[in-house]
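The chain contents come next:
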Amino acid sequence: MARLFAFVLLILLIGQDTLLAKQPAGPFQISFEEDGKRLVTKVRLRLKYQGKITEINYIPGKPLAFPKLEPREPFDLWIITDRYTLPFLEMPGSALEVAGWRVGIDARPFDLKYYELRLLPASVRLVYYIIYKHADGGETPIWIESSKPAEEFRSQPSDSRATEGYFAGADGVRLFYRKLGIGPSVAVFLHGGPGSNFRGNGDFMEPLAARRTVIMYDQRGSGLSEIVTEPKLLTAEHHIRDLEALRQHFRIKRMTIIGLSWGSALAAMYAAAHPERVERLLLVSPMSPTKAFADERRARLNLLLGDATVSRRNEIVRKLAGANDDETVALCRELSDITFRLYLAHLTPEKLRHAASRCNIPPAAIRNRAVIDAATFASIGEWDLRPMLTRLRMPALIVEGTETNVPLDATRVWTAVMPNARLLLIPKAGHELFLDQPTAFAEAAEQFLSGRFPKGAEIVRKAKAR
């Protein structure tokens, strides 16, 4: 069961010009507590500065001051307990970098309020809560969640398998990616949406990197990628071209594509355009293959939500367009709770919090989701993917949960029309099946990516038409 540690840090940084000035970095305090009870009484702090590594024994809750540091000279800090080696923060002088995420300071004073450390099933997540203080006295909260698995935290900090950065998509749009593993075979994960991002879902693909390279990216206009607001630059064709740009950037000859929801449609469209580049398709909880199925799905989910909740959901969507940054994050989390209550078979606060990590992106990207969604779906009109799917002859596994609220007739169509596809229904799981049953999903995905259909995957000969 997940446990929540409160990991509290209080640092006062006066501004960029004095950041890392020649003075002790501190004092500050660190504590590991749960419900007011101290869980860790001693830790070691490892400081890497100017190529030299120093380890300091530290008693949580006591004041701590570091040696003098040169201005703009980077340093790294790790916290070491008896269980984990945690990359704590890296200060390169003009930006704050935590767990692989870079947040520009923009020459404004800021106050780093506190950190949380969460232990989630089979993984460790660091969650940072940063308050930016503006010159006018306003504050902007930003939540940053790392996505490194526990195995990486237990290794030495320099042994991380993950790299993050940007590549140039179609028309030079900057797209943010995360790359794990070093295997010769490559799997590319496409998140849902359109307009969402890979936080809260891409981390469940990371175990697959044990035997191959796994790459995921925020699609154009979303997540940490460049914001694109012009509808004519947010078509399905642009998304296809971005995926081809990723393939060329990483010099991939052939790849397996893992698509989630809308990502499944994008995977299929790319495979139809570049069949020689696609080895396999793993389609997770795919979107409706036709507009008619989508209308049926929307009606069913709205019925389950009830009129009052549907009204509130629509109100949130309207408010997001003109919301300030603080309001945007709060509205995003409320909308996430409404959405994923229908997508999870077994609700827990931890699952809902994890699903809401999709909101851990810049507020501008949250507000842009509706723009991307409308423009992308407008570009495919009254879609019917079935004729295209009949041409895809590579092995394909379609996965859904047995307890999904999404009509399974639509999911079965994907399997029935693709020549070499099978359907796997994961027991005791909803539409967000990897969050309900992460182990079962990981095992099935690993088997399929290793070259064989998992046990229980069935051939579907016929499916209802829409």
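The coordinates are above.
Here goes a summary of the coordinates provided.

Before going further, it helps to spend a moment on the sheet that holds strand S15 (residues 174-180). One open sheet accounts for 8 strands, arranged S14-S15-S17-S16-S18-S19-S20-S21; its pairing is mixed. This sheet does not close on itself; its edge strands, each paired only once, are strand S14 (163-168) and strand S21 (421-426). With direction set aside, neighbouring strand axes in the sheet form an average angle of 20°. Where strand S16 (residues 186-190) meets strand S18 (residues 255-260), 4 bridges bridge the pair, whose relative direction is parallel. The residue bridging Ala187 from the neighbouring strand is Thr256, located in S18. Along the sheet, helix H2 (residues 236-249) contacts S14, S15, S16, strand S17 (213-217) and S18; its crossing angle with S14, the most-contacted strand, is approximately 120°.

This brings us to the layout of surface pockets. Considering only enclosed or pocket space, the largest pocket measures out at about 1500 Å³ in volume. In terms of lining residues, the largest pocket is bounded by 45 residues, among which Gly193, Thr339, Tyr343, Arg369 and Asp373 are the most central. Elements with a minimum of two residues in the lining of the largest pocket: helix H4 (291-305), helix H5 (307-320), helix H6 (325-343) and helix H8 (363-380). The element best represented in the lining of the largest pocket is H6, accounting for 8 residues.

What follows is about the side chain of Thr213. Note on placement: Thr213 falls in strand S17. Sequence-distant contacts of Thr213, defined by excluding residues within four places in its chain, comprise Lys179, Leu180, Gly181, Ile182, Gly183, Ser185, Val186 and Ala187.

What follows is about the state of the cysteines. Two cysteines whose sulfur atoms are joined by a covalent bond form what is called a disulfide. Evaluated as defined, the whole model comprises 1 disulfide. Each sulfur in the disulfide pair Cys332 and Cys359 lies 2.1 Å from the other. A torsion of -85° about the S-S bond marks the disulfide between Cys332 and Cys359 as left-handed. Here the residue Cys332 occupies a position in helix H6, and Cys359 occupies one in the loop between helix H7 (349-355) and H8, the gap between them amounting to 27 residues. Pair check on accessibility: Cys332 and Cys359 agree, each one buried.

For the coordinates displayed, the defined rule picks out 12 aromatic pairs. For the pair Phe167 and Tyr177, a centre-to-centre distance of 6.4 Å together with 50° between the ring planes defines the contact as tilted. Taken together, the residues Phe167 in strand S14 and Tyr177 in strand S15 connect sequence positions 10 residues apart. Summarising the burial analysis for this pair, Phe167 and Tyr177 share the class buried. Arranged with centres 6.3 Å apart and planes meeting at 15°, the rings of Phe176 and Phe198 form a pair that is stacked. Here Phe198 lies in the loop between S16 and S17 and Phe176 lies in strand S15, a separation of 22 residues in the sequence. Classification of Phe198 by relative accessible area gives buried; the value is 3%. Chaining the aromatic ring pairs together yields one cluster made of Phe167, Tyr177, Tyr217 and Phe250. The ring of Phe198 is capped by Arg199, whose NZ or CZ atom sits 4.3 Å from the centre of that ring.

Of all hydrophobic cores here, the largest spans 53 residues; its most connected members are Met205, Ile258, Leu282, Val284, Leu433, Phe434 and Phe441. Among the elements that take part in this core, H6 stands out by supplying 8 residues, more than any other. Among the nonpolar cores identified, the runner-up in size contains 48 residues, and Leu243, Ala265, Leu283 and Met418 belong to it.

Criteria and thresholds
- Residues numbered from 1 in each chain as written.
- Predicted model: local features only at pLDDT ≥ 70, side-chain atom pairs only at ≥ 80, totals over all residues.
- Heavy atoms only, no water.
- Pairing = 2+ DSSP bridges.
- Helix = DSSP H or I, 4+ residues; strand = E, 2+ residues; numbered from the N terminus.
- Axes fitted to C-alpha atoms, helices over the stretch in contact; angles between N-to-C directions.
- Contact = heavy atoms within 4.5 Å.
- 1 Å grid on protein atoms, 1.4 Å probe; cavity = no way out; pocket = protein on both sides within 12 Å on 5 of 7 lines; lining within 4 Å.
- Points joined across faces, edges and corners; volume = space filled by probe spheres on them.
- Disulfide = S-S within 2.5 Å.
- Buried < 20%, exposed > 50% of the residue type's maximum accessible area, 1.4 Å probe, protein only.
- Phe/Tyr/Trp six-rings, centres within 6.5 Å; stacked < 30°, edge-to-face > 60°.
- Lys NZ or Arg CZ within 6 Å of the ring centre and 35° of its normal.
- Core = buried A, V, L, I, M, F, W, Y, C linked by side-chain atoms within 4.5 Å.

These values are about where atoms sit, not about what they do.
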